[in-house]
Amino acid sequence: MNLSSRTIAILIALLVACVLTTYARIGPTLPFREAFLAAGITVAACFLLIYLSFEALIFKEINGIYAGLEHIKRKEFKKLSNKFLFRPEPVKRVRDEILQMAERRQQELDELVRLQALRREFLADVSHELKTPLFAAQGFVHTILDDEDDEIDLATRRKFLAKAAASLDTLDALVQDLVTIAQLEKGVVRMRRQRFDLIVLVREIFELLEQQAARRGTHLELFPPSLPETGLLVVADRNRIRQVLINLIDNAIKYGRDKGRVVVSLVESGRSVRIAVRDDGAGIAPEHQGRIFERFYRIDKSRSRESGGSGLGLAISKHIVEAHKSTIKVKSTVGEGTTLEFKLNKPKSGAVGSAA
């Protein structure tokens, strides 16, 4: 029988009151032996009920606390009671608070374990990415230095030095990307907001990536075809948004189909402009869509390395877009392609450029 503290207190009070009342009525006329017996019965009854109250309220609740902690250790949070409010019993309130605190601590520990695994993965990726161009440059340079008999002709030397320089350029770009993403995460990079024409920027990027797209037979398109002749003004950091669009369009070219299409859509929506970059490639499986903005995360690692990517482009793009109070969204279907989109604010009437 599960009695509350109030019920047990009422029973004790009623029993003691009944015994004392009865004793007060008949006690003076009782002989010493009967009076002593009545007193013993009173003590035994009170002792029994008080002992049961301790057993029910304290020891049973302590056992319940241990049982709850065992559920938390086994991460069986659903088995814990969620009815924590409006409980008058102090021991049960303590139990509930202990279980809530233990559940929070267990969840924090789980999160720390997850972050520790991500940190180890990140350090392994960084060391690998740094070693690859460094060892390549080191190998070319040492090959030339170890040529004591001048067996390598001048043209080959220049070729080796050019490859070493290219590897060092890759290393420098990777370090710069790491510095950039560290600054973005700390919030020390200022976004220099200004008004600029988004249509002009996209066409400028198309010209920059035209040769890369031509090598794969990819056709770059701007949608809709009937964009305003007066331009499409937005307020943002032009250089940073240029970096974002280069990353997104470059990825669309790499992972789209050969002789496919990459479409950049600019659609006005109220006080903002929606920018979407769509390819017709293999698409991204649902289990990868939540992680493509992580540093060094690749779906097709070998292909990314062959293409010269650092694995930081999308992570940097995510931070830049979020610094503009927006979010990059992923829409992808396996076998049909991928769309990455975000929004930028249109200038208010009479707005001027500013830094934020």
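Source: prediction; values computed, not measured.

Student: Kindly report on the overall build of the protein chain, identifying the contributing residues and their values.
Tutor: Scanning the protein chain for helices and strands turns up ten helices and eight strands. The buried share among the 356 residues of the protein chain stands at 34%. A sequence separation of at least 24 residues applies to 74% of the contacts in the protein chain between residues at least 6 apart. Summed over all atoms, the accessible surface of the protein chain reaches about 22,700 Å², with 57% contributed by carbon and sulfur.

Student: I'd like to hear about the sheet that holds strand 4 (residues 261-269), residue by residue, with values.
Tutor: With mixed pairing, five strands are arranged side by side in an open sheet as 2-4-5-7-6. Since the sheet does not close on itself, it has two edges, and those belong to strand 2 (219-223) and strand 6 (329-333), each with one partner. The sheet shows a mean angle of 15° between the axes of neighbouring strands, taken without regard to direction. Against the sheet, helix 5 (residues 198-208) contacts strand 2, strand 4 and strand 5 (272-279), and its axis sits at roughly 175° relative to strand 2. Packed on one face of the sheet, helix 7 (residues 238-255) meets strand 2, strand 4, strand 5 and strand 7 (337-345) and runs near 170° to strand 7.

Student: How would you explain the side chain of Asp237 if you had to name every residue and give the values?
Tutor: Positionally, Asp237 belongs in the loop between strand 3 (233-236) and helix 7. When sequence neighbours within four positions are dropped, the list of residues in contact with Asp237 reads Arg190, Met191, Arg192, Arg193, Phe196 and His324.

Student: Lay out helix 5 with the relevant residues and their values.
Tutor: What helix 5 keeps buried is the set Leu198, Ile199, Leu201, Val202, Ile205 and Phe206. Within helix 5, the buried residues cover an arc of 160° as seen down the axis, which keeps them to one side. Here helix 5 starts with a cap whose side-chain oxygen sits 3.0 Å from the backbone nitrogen of Ile199, and that cap is Asp197.

Student: How would you summarise the pairing of strand 6 if you had to cite specific residues and measurements?
Tutor: The pairing of strand 6 with strand 7 spans five bridges and is antiparallel. Within strand 7, the position partnered with Ser332 by the bridge is Thr338. What sits between the antiparallel neighbours strand 6 and strand 7 is a turn of three residues, in which Gly335 has the positive phi angle 90°.

Student: Go over the pattern of salt bridges, please, and point to the residues and values.
Tutor: For the structure on display, the rule yields eleven salt bridges. Notably, a salt bridge pairs Asp250 with Lys254, separated by 3.0 Å at the nearest N-O pair. With Asp250 and Lys254 both in helix 7, this residue pair falls four residues apart, about one helical turn. Lys254 matches Asp250 in its accessibility class, with the two residues each being buried. Between Arg291 and Glu294 there is a salt bridge, with the nearest N and O atoms lying 2.9 Å from each other.

Student: Please give an account of the confidence of the model for the protein chain that cites residues and values.
Tutor: Overall, the prediction assigns the protein chain a mean pLDDT of 79, with 72% of residues at 70 or greater. Between residues 82-88, whose pLDDT stays under 50, and residues either more than four places distant or in other chains, the model counts ten contacts. Counting contacts from residues 351-356, a segment whose pLDDT is below 50, to residues more than four positions away or on other chains yields 14 contacts.

Student: Could you give an account of the packing of helix 7 against helix 10 (residues 313-323), naming the residues involved and the relevant values?
Tutor: Two packed helices can be described by the angle between their axes and the distance between those axes. Put simply, helix 7 and helix 10 touch, their axes get as near as 9 Å, and they point 140° apart. Classed by the angle they form, the pair helix 7 and helix 10 counts as oblique. Along this stretch, helix 7 crosses helix 10, giving a crossing that reads as left-handed. Only Gly313, Leu314, Ile316, Ser317, Ile320 and Val321 of helix 10 make contact with helix 7, whose side of the interface consists of Arg240, Gln243, Val244, Asn247, Leu248 and Asn251. Each residue belonging to the contact of helix 7 with helix 10 can be placed in one class, and the counts come to six nonpolar, five polar and one charged.

Student: Got a sec to walk through the nonpolar core? Specific residues and values, please.
Tutor: Core analysis: the biggest nonpolar cluster contains 50 residues, and Leu198, Leu245, Ile249, Leu266 and Phe342 have the highest contact counts within it. For this core, the leading source of residues is helix 7, giving eight residues.

Student: Outline the environment of Leu208, listing residues and values.
Tutor: Within the fold, Leu208 resides in helix 5. In this structure, the C-alpha to C-alpha distance between Leu208 and Ile246, residues 38 residues apart in sequence, is 8.9 Å. Look past the residues within four positions of Leu208 in its chain and what remains in contact with it is Arg242 and Ile246.

About the cut-offs
- Residues numbered from 1 in each chain as written.
- Predicted model: local features only at pLDDT ≥ 70, side-chain atom pairs only at ≥ 80, totals over all residues.
- Heavy atoms only, no water.
- Helix = DSSP H or I, 4+ residues; strand = E, 2+ residues; numbered from the N terminus.
- Buried < 20%, exposed > 50% of the residue type's maximum accessible area, 1.4 Å probe, protein only.
- Contact = heavy atoms within 4.5 Å.
- Areas by Shrake-Rupley, 256 points an atom, 1.4 Å probe, with all protein chains shown as cover.
- Pairing = 2+ DSSP bridges.
- Axes fitted to C-alpha atoms, helices over the stretch in contact; angles between N-to-C directions.
- Arc of directions from axis to C-beta.
- Polar contact = N/O pair within 3.5 Å; in protein donor to acceptor, adjacent residues only side chain to side chain.
- Salt bridge = Lys/Arg side-chain N within 4 Å of Asp/Glu carboxyl O.
- pLDDT = per-residue confidence, 0-100.
- Parallel < 35°, antiparallel > 145°, perpendicular 65-115°, else oblique.
- Left-handed = near helix turned anticlockwise from the far one by under 90°.
- Nonpolar A, V, L, I, M, F, W, Y, C, P; charged D, E, K, R; others polar.
- Core = buried A, V, L, I, M, F, W, Y, C linked by side-chain atoms within 4.5 Å.

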